[in-house]
Structures are given as structure tokens and as C-alpha cells.
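Fold and contact review
So you can see what is in the structure, the chains are spelled out below.
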Amino acid sequence: MLRQARYFAERIEQEAGSSPSAQVPRAFELAFGRNPSERESKLGMDFLQDQGLFAFCRSLFNANEFVYVD
Amino acid sequence: MSTEGVRCPGRNPHLLSRRDFLHTAGGGFGGLALAALLTERGLAEPHHAPKAKRVIQIFCPGGMSHVDTFDYKPELEKRAGQPFDPGGKLQFFASKPGNCQPSHWKFRQHGQCGRWVSDLFPKLATCVDEMAFLHSMRSQTALHGPGCFQMNTGQSMPGFPSMGAWVTYGLGSESANLPAFVVLPDPRGLPPGGMINGGAGFLPAVYQATTLDTATPGQPIADLFPPGEFEAVTPQADRAGLDFLKELNRIHQEPRQGNSELEARIKAYEMAARLQLSAPEVTDLRGETEATRKLYDLEHPEIGPFGRQCLLARRLAERGVRFVQIYCGAENTTAEKIRPNWDSHEDVVRDHGYWGAVLDSGASALLKDLKSRGLLDDTLVICTSEFGRQPGAQGAGGKGRDHNAGAFTAWMAGGGVRPGIGYGATDELGFKSVENVLHSYELHATALHLLGIDHEQLTWYHNGLEQRLTGFEGKGVVQALLR
């Protein structure tokens, strides 16, 4: 899980560059197949700036939305 | 009649359906306990004053022979070597009956009560004055997996809630930092039927067992701690990540109320964070005295691992864990020189000899340790197998015994059990239970009673039925077993 989160973070950086405002929506697109809501976007940006892209990617992989299919 | 404060299990209280409303308004004891657990407002009241506060259950998978352990059959000795089934009409599980085979170990009377125990259990034999024997157990099945399910969940079909899940659902948790229901599997692996022996079935998933890995002492819960190569994963980053994850999961859950797995997973992350602190403490046995380490024979290469499981169970019980299940044996395989559980088809002396010494040491240590700490009074200890073995021998050399769903012995101790008694009986050879026949239903009903729970009131509506652990066939609480 941790290793895949690291690969995922590397891919986001390649595809979306270094700006959190581009990284957050790209990560949501790839992980959940949708754009983040406004609330999620703000939450994600704050977390990403505090804890870095790797921790952000790890959280997405652990999210219930990622683990459970509706 | 008000829905204020009464949470319909696993659902949004604001989205009650008509059926849910009627169900909840009917006053579910379990519903109250769930509300208490989910809101952490304290526990629901039990149905009556409990004698036992917690349960430690030892499960011996594979099928323990009653006629070699606790059920003394002099008639079997008299008929030794004579055909068990002269008419040739019987078919055992995997064989035709051989000759009558008396116990491979000598039986003696023990203690003040004079209960009979074979020489397979010299240490447990010193505890008989604390134990009550259920000699008339039967199972609905002679298959290991379904038999384990029946003794754990009350049903031989897979997918029903385990007794530990029912008890947790009824009584909630006593510990904030440890799970309420913990399973300690044999270090060799899980029992027949696997993890769902401790499953929550149709109950909300928060009530399922948490498994502590007894094979790797430094890492009691798989992946609880990140591997060392990830320096970015620090406790501070973990905490921030968990908070973020919780927010994400709450947003995701809002339009998906009523899914207990989502709720359980959110809770599981929080519990995991607390377990990172509490699990290493509970599994670190260095603080135990030399006398305790000797009592459980921790250094013994064969007996030590089960002793460790039993000692862990005592430590968990001390710390408020409601229900601990210890497995004395794993899933079957014939590939080993000694069977990995009690399933002694080929060689009772070899396999029961091995597992007997293991159980004898750990279980007797547990009883003595609980007693000396004053914990036995309110801790119910249950020891059972999924079925017994045949009094007629199996195999060309007649050294084995086949499955016997018709008879086996279970025992209970502490927690308000009347000590030193034997209840029920098998026929003169130990082939079938004939007097006061018991199944899992009565054992479970009695255990729940000791915990302060009326087994007919502990229900969950599922598939059109108010389901219960004890099913609808049993005879209820065995009064003779109560102190």
C-alpha cells in the first residue's frame, strides 16, 4: 500500500506538476473517477500542503470510496 | 414511546423507515447497547445481574476424543478388541467401525468431586474442582468447518455471528483502547472454516473479532506498524492522515447511511491508532514474573506457544476485553508428521498425545492464574471441540478414531458455573449422548445467562426472523450448571 502510494505520488507529480491546485483534482480523477467537491478540494489542499503529496495519496488509497464499490 | 436517543442499528436515526421505526420502538436491548457503543455514552443494562463479566473460550479444533479424555467408559474396556458393530450396519464419517478401543490413557478420579480424567491431562486433573463437565454434547454435523461454525455461531452454515460478536453486541466494550472481541489463533494458522468463525455475520461489522497474530510477537496485528523503509510515515503524519481520512470517509458516508461496513471501517482506523499504543503493551510479556512464565511453560518449544496464547488471554481479560477466543490447533492437513489439530484419524496416541500435553499445560495454567488473581469468579472459561471421536477404532492398525458428531464433552469453569459437576451422559460405550442431550444452543444459552443476558431477548432482525445465537431448537439455560 505504501509503495503504491509512492508510485501514485510520482505519477501525479509527472502529470499535474508541482502545484497542489492541479495535483488534488488529478489525484481524485485517477483514484475515484470524479472531480473533488469544493469541500474536498479545500480539505485536500490544506492536507497536501501540510503533509505532502505522498501522505495525501496514501489517504486516498485508504479511503472507503477507494476500497468499496458502491 | 420516543426515538430520542435510540439509534436504529447501523442506520441514520433521521432516516427511519416505517419498519425500522416499529422495530426500534419495540425496544431492542441490543439496539440500546449498539447506541451506547457507537456514541460511547456507557453501557446498556444487562437483563439480570451477571455472574460473569467476560469470557475466555478455548477451542480445540479437529475433534477431541471424549473417551480418551473426560468421559470414562468401563464397558469399553470390557469389550476391548471385540467388533464395535458386529452387524456391519454402521458407517462412520470416513471409515467402517473397527474394534472397541478403550481409552489410550488410564482414567483416574480426581479432586474433592471425584471426577474422572484420563492421564492425558495430569495438570488439568488438579483443577477438576473448578470445572463443570458437559458430557452429553452433540453436533449437527461431522464436518470440521461446519462443526466449528456450530460451536461458535450456533449454526452449522457459514455466515452467522460468532458468540463473541453477539456478546459484544449485547454488552458493549469495557475497554476503550482494545477491541471487545479478540481471537488468538494457533501460531500454525486459522481453524477449519477460517476467519468467519469470529465473524459478525448479519450483525454490524463493528462486532467482528480482531485477530492477534500469535506467531510474531513483535507484530501482533498484521501491518499495524509501517515498515521501516518509509521514513515519511511518522506518528505525527499518521495522526494528521487519520484526521484527513476520517473527513473524507464522513463526506463519502453522508449519502450512504445504513452501511455498517463503512462505519466499521471508520471505527477500525480509530481503533488501529489506539492499538498502536495498546497492542505492544498487552503483548509484551516481559513484565510477567518468572513464576508466571514457568506456570505457562513459555520457553517450551511445543507447549510454550499455547501457553503464550493463554497468558495473552489473561492479560486481555485483565484489561477489559469482553470475549477472548484461544485456538488450540489450526486447519487440518495430513502433510505434517503430527496433525496440526486434534483430528486423530491415524494415530490417537501420537496426535492426542501431542495436543493433550499442549492443552493440559496452557489451560491448567490459565485456570490457576485466573484463580490466584481473583479473576476466575467473574471470568467464564469455556473449553470445547466441534465434535468427539468414535469408541470404535479406525485404520488397519486400529490406532486412530473417526469423527463422532453424536457425542463429545465440553467443560466450563468460573464465572458462576457450578464447579466439580458432570452433566449429561453418553451411552455405555461413548457412542452417543443419551442423557440430558446438549447442543451448542444450551451451552450458549447458559453462557449468555451467566453474562446477564436472556438468550431469547438478544436478537437481531434478519431474513424475516428475530435471529438469535441459540436458534429455536434448544432447551435453553441448563440450570444444573449454575452455581
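Anything mentioned here points back to the structure above.
Summarised in this report is the structure supplied together with it.

**A closer look at the overall build of chain A**
Looking only at helices and strands, chain A has five helices and zero strands in total. Along chain A, helices and strands appear, N-terminal first, in the series α-α-α-α-α. For chain A, the C-alpha radius of gyration of 11 Å lies close to 11 Å, the compact-globule estimate for 70 residues. Oriented by its inertia axes, the alpha-carbon framework of chain A measures out at about 30 × 30 × 20 Å. A sequence separation of at least 24 residues applies to 52% of the contacts in chain A between residues at least 6 apart. Per element, the accessible surface of chain A, about 3,800 Å² overall, is 46% carbon and sulfur.

**Here we look at the pattern of salt bridges**
Where charged atoms from two side chains of opposite charge approach closely, those side chains can pair. Residue and element names in this part refer to chain B. According to the stated counting rule, one finds 40 salt bridges over all chains in the structure shown. Across the salt bridge formed by R401 and D68, the nearest N and O atoms sit 2.7 Å from each other. Taken together, the positions of R401 in strand β10 (residues 400–404) and D68 in the loop between β1 (54–59) and α3 (74–78) put the pair 333 residues apart, joining distant regions of the chain. Each of the salt bridges in this network shares a partner with another, and the network as a whole consists of E281, E288, R314, R315, E318, R319, D369 and R373.

**Some points on the packing of aromatic side chains**
In total, this model carries 20 aromatic pairs over all chains according to the counting rule given. When the ring of F28(A) is compared with that of F32(A), the centres are 5.2 Å apart and the planes differ by 90°; the resulting orientation is edge-to-face. Of this pair, F28(A) and F32(A) both sit in helix α2 (residues 20–32), four residues apart, which is roughly one turn of the helix. Classification of F32(A) by relative accessible area gives buried; the value is 14%. Taking the centre distance of 5.5 Å and the plane angle of 80° together, the rings of Y169(B) and W460(B) count as edge-to-face. Remark: W460(B) occurs in strand β15 (residues 459–462) and Y169(B) occurs in helix α5 (residues 163–171); sequence separation between them is 291 residues. In this structure Y169(B) comes out as buried when scored by relative accessible area, which is 3%. With relative accessibility at 13%, the residue W460(B) sits in the buried group. Site record: aromatic cluster; members linked through ring pairs are F160(B), W166(B), Y169(B), F202(B), Y207(B) and W460(B).

**Topic: the packing of helix α4 (residues 53–62) of chain A against helix α6 (residues 235–253) of chain B**
Contact geometry of α4(A) with α6(B) gives a least axis separation of 10 Å together with a crossing angle of 45°. Put simply, α4(A) runs oblique to α6(B). Between α4(A) and α6(B) lies a crossing whose hand is right-handed. Only D238(B), G241(B), F244(B), L245(B) and L248(B) of α6(B) make contact with α4(A), whose side of the interface consists of F56(A), R58(A), S59(A), L60(A) and N62(A).

**Quick word on the interface of chain A and chain B**
Taken together, the contacts link 22 residues of chain A with 24 residues of chain B. Taken together, both faces of the contact between chain A and chain B bury some 2,100 Å²; the carbon and sulfur share is 61%. Counting across the interface, chain A meets chain B through two salt bridges. Measuring nitrogen to oxygen at the nearest pair gives 2.8 Å for the salt bridge that ties D238(B) to R58(A).

**Here's the deal with the nonpolar core**
All names here are of chain B. Core analysis: the biggest nonpolar cluster contains 57 residues, and I58, L359 and W411 have the highest contact counts within it. Among the elements that make up this core, the one with the highest residue count is helix α10 (residues 348–372) (10 residues). Ignoring sequence-local partners within four residues, the contact set of I58 consists of F306, I326, C328, L359, A363, L366, I382, C383 and T384.

**So, the side chain of D378(B)**
Residue and element names in this part refer to chain B. Mapping D378 onto the fold places it in the loop between α10 and β8 (379–384). Residue classification places D378 among the buried residues on the basis of a relative accessible area of 18%. Those residues in contact with D378 that sit more than four places away from it in its chain are K51, A52, K53, R54 and G415.

**Things to note about the side chain of Q467(B)**
Residues and elements named next belong to chain B. Here Q467 lies in strand β16 (residues 465–468). Only 2.9 Å separates the side chain of Q467 from the backbone oxygen of H462, close enough to count as a polar contact. Contacts of Q467, omitting those with residues within four sequence positions, involve F160, W166, F202, L458, T459, W460 and H462.

**A short note on helix α3 (residues 38–51) of chain A**
The end-to-end C-alpha distance of α3(A), which contains 14 residues, comes to 20 Å, matching closely the 20 Å that a straight helix rising 1.5 Å per residue would cover. Among the residues of α3(A), those classed as buried are E40(A), G44(A), F47(A) and L48(A). Buried residues of α3(A), seen end-on, are gathered within an arc of 100° and therefore sit on one face of the element. Opposite the buried face of α3(A), at more than 90 degrees from it, the exposed residues are E38(A), K42(A), Q49(A) and D50(A). On its buried face, α3(A) is in contact with α2 and α4 of chain A together with α6 of chain B. Of the residues trailing α3(A), G52(A) is marked for its positive phi of about 95°.

Basis of the calculations
Residues numbered from 1 in each chain as written. Chains lettered and ligands numbered in written order. Predicted model: local features only at pLDDT ≥ 70, side-chain atom pairs only at ≥ 80, totals over all residues. Heavy atoms only, no water. Helix = DSSP H or I, 4+ residues; strand = E, 2+ residues; numbered from the N terminus. Rg over C-alpha atoms; globule rule 2.2 N^0.38 Å. Contact = heavy atoms within 4.5 Å. Areas by Shrake-Rupley, 256 points an atom, 1.4 Å probe, with all protein chains shown as cover. Salt bridge = Lys/Arg side-chain N within 4 Å of Asp/Glu carboxyl O. Phe/Tyr/Trp six-rings, centres within 6.5 Å; stacked < 30°, edge-to-face > 60°. Buried < 20%, exposed > 50% of the residue type's maximum accessible area, 1.4 Å probe, protein only. Axes fitted to C-alpha atoms, helices over the stretch in contact; angles between N-to-C directions. Parallel < 35°, antiparallel > 145°, perpendicular 65-115°, else oblique. Left-handed = near helix turned anticlockwise from the far one by under 90°. Buried area = accessible area lost by both parts, 1.4 Å probe. Core = buried A, V, L, I, M, F, W, Y, C linked by side-chain atoms within 4.5 Å. Polar contact = N/O pair within 3.5 Å; in protein donor to acceptor, adjacent residues only side chain to side chain. Expected span 1.5 Å × (residues − 1). Arc of directions from axis to C-beta.

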